[in-house]
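Chain residues, written in single-letter form:
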Amino acid sequence: PDSEEYKDLFWAILGGGGGTYAIILEYKMKLHIPPPSFAALSLDFVWSTSLLPDCGRSAMDFWMSIQDTIPNEWGVYVVLSSLPSNHGDDDPPTRLASWQNRHHRSVSKSQRRALIDKGVSLAHDHSGLLTFHGLYWGPIDEARKSIQQLLDFRPECQLRTIDYSDSFMPPLESLPTFESYQSGITCSRGGGLGCYDRISNKPLFVTPPMVNNDLYDILDNIANFQGNDPSEGFGFMWTALGGAASVMNPHTSINSGFRSAFGNGAFNGYWSDRARDDFFTGFSREFGRSMYDIADKAAAKNDSIAYMYVNYPDTDGLRGWENRYFGESYDKLVTIKQKYDPTNVLLKFQGVGWPSLQDSTDTCKSN
């Protein structure tokens, strides 16, 4: 702002949590001119099979090793999901069936016999789907060159890159606009939260030390989950951070831990049967506690804190949420809150100003 009078208020609003300090009546947004074309990535790995038990783990490890080398024009997120029984020519089960046929042709008779002797059904010898989704801010030739090392990684574990026909999407495609990319994100292709009746979400900022066997053991539980019907499943989404998102701006109160994070990990459960609410919310809470423990263990090695995104308050008694959400900005944000809203008219659960009112019985807390 040009005026110094409300400089502290603007600083608090930009990163200190919404619905807390003031009511914004008007704002301006800076727009960016898009490139002439985009490139979209959608690359599937099977998580594990009896003969290829480490496909997913090795793909995740490989991505962690190259993420910092990927150009900033890329935006990438990685999704591990149990396999819902979607329908359509390009849905996960159809792609998986194609991959299984190819994979089984490469298995020797002795290997097949050994699996059968162990009671393994080749038709169901898999768990989970690991998908790399990405959007490149530029032409497809540049995108392919910069991501080729991922496209070439362990082709025996990939579902799409070998023998895909016209009925299947290639792993990398050119798009004329961002809108064309968004329009292709449907429920059968692992679409947004609106595809499911109920969602349980647990997000956490992640650092490389967290990506270890403790985390993989938890992800195995997601990959191996079998739901009662096609609407049920679990997923873990990793969003890579970098570029401008990792540059700390002194004019904002955003937690510096967010800017230095390697990525954001979020756990999702989805279902439609109300009778299954307790099971899915219980599983989600248990996953959240396990993630906090892994994060705290990794953070302790660097004498830091496992940070969380402020837009997702945690109702399960999160320890030290003030520092996890707001970091080193918290004390200053409290002072600004007291200056502009001393009676806490604006209140947000686990937002700045919440501790002083959390035991009150005469204050509306619906926000």
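Above: the structure in question.
We now turn to the structure provided with this report. Computed from a predicted model, the values in this text were never measured in an experiment.

Observations regarding the packing of helix α2 (residues 55–66) against helix α7 (residues 213–223)
Pairs of packed helices are described in terms of their axes, by the angle between the two and the distance that separates them.
Phase 1: Two numbers describe how α2 lies on α7: the axes approach to 11 Å, and their chain directions differ by 135 degrees. Relative to α7, the element α2 is oriented oblique. Every pair of crossing elements has a handedness; the one defined by α2 and α7 is right-handed. Residue-level inspection shows R57, M60 and D61 of α2 in contact with α7, the latter providing N213, Y216, D217 and D220.
Phase 2: Looking at the contact of α2 with α7 residue by residue, the classes come out as two nonpolar, one polar and four charged.

Here's the deal with the packing of aromatic side chains
Phase 1: One pass over the structure, following the stated rule, counts 22 aromatic pairs.
Phase 2: Geometrically, the ring pair formed by Y325 and F326 is edge-to-face, given 6.1 Å between the ring centres and 85 degrees between the ring planes. In this structure, Y325 and F326 share a single accessibility class: buried.
Phase 3: One aromatic cluster is present, built from ring pairs that chain together F225, F234, W271, F279, F280 and F283.

Thoughts on the nonpolar core
Phase 1: Ranked by internal contacts, the top residues of the largest apolar core, which has 49 residues, are L41, W63, W74, L130, F132, I147 and L150.
Phase 2: Core analysis: the next-biggest nonpolar cluster, separate from the first, contains 16 residues, A12, L318, Y325 and F326 among them.

The rules we used
- Residues numbered from 1 in each chain as written.
- Predicted model: local features only at pLDDT ≥ 70, side-chain atom pairs only at ≥ 80, totals over all residues.
- Heavy atoms only, no water.
- Axes fitted to C-alpha atoms, helices over the stretch in contact; angles between N-to-C directions.
- Helix = DSSP H or I, 4+ residues; strand = E, 2+ residues; numbered from the N terminus.
- Parallel < 35°, antiparallel > 145°, perpendicular 65-115°, else oblique.
- Left-handed = near helix turned anticlockwise from the far one by under 90°.
- Contact = heavy atoms within 4.5 Å.
- Nonpolar A, V, L, I, M, F, W, Y, C, P; charged D, E, K, R; others polar.
- Phe/Tyr/Trp six-rings, centres within 6.5 Å; stacked < 30°, edge-to-face > 60°.
- Buried < 20%, exposed > 50% of the residue type's maximum accessible area, 1.4 Å probe, protein only.
- Core = buried A, V, L, I, M, F, W, Y, C linked by side-chain atoms within 4.5 Å.

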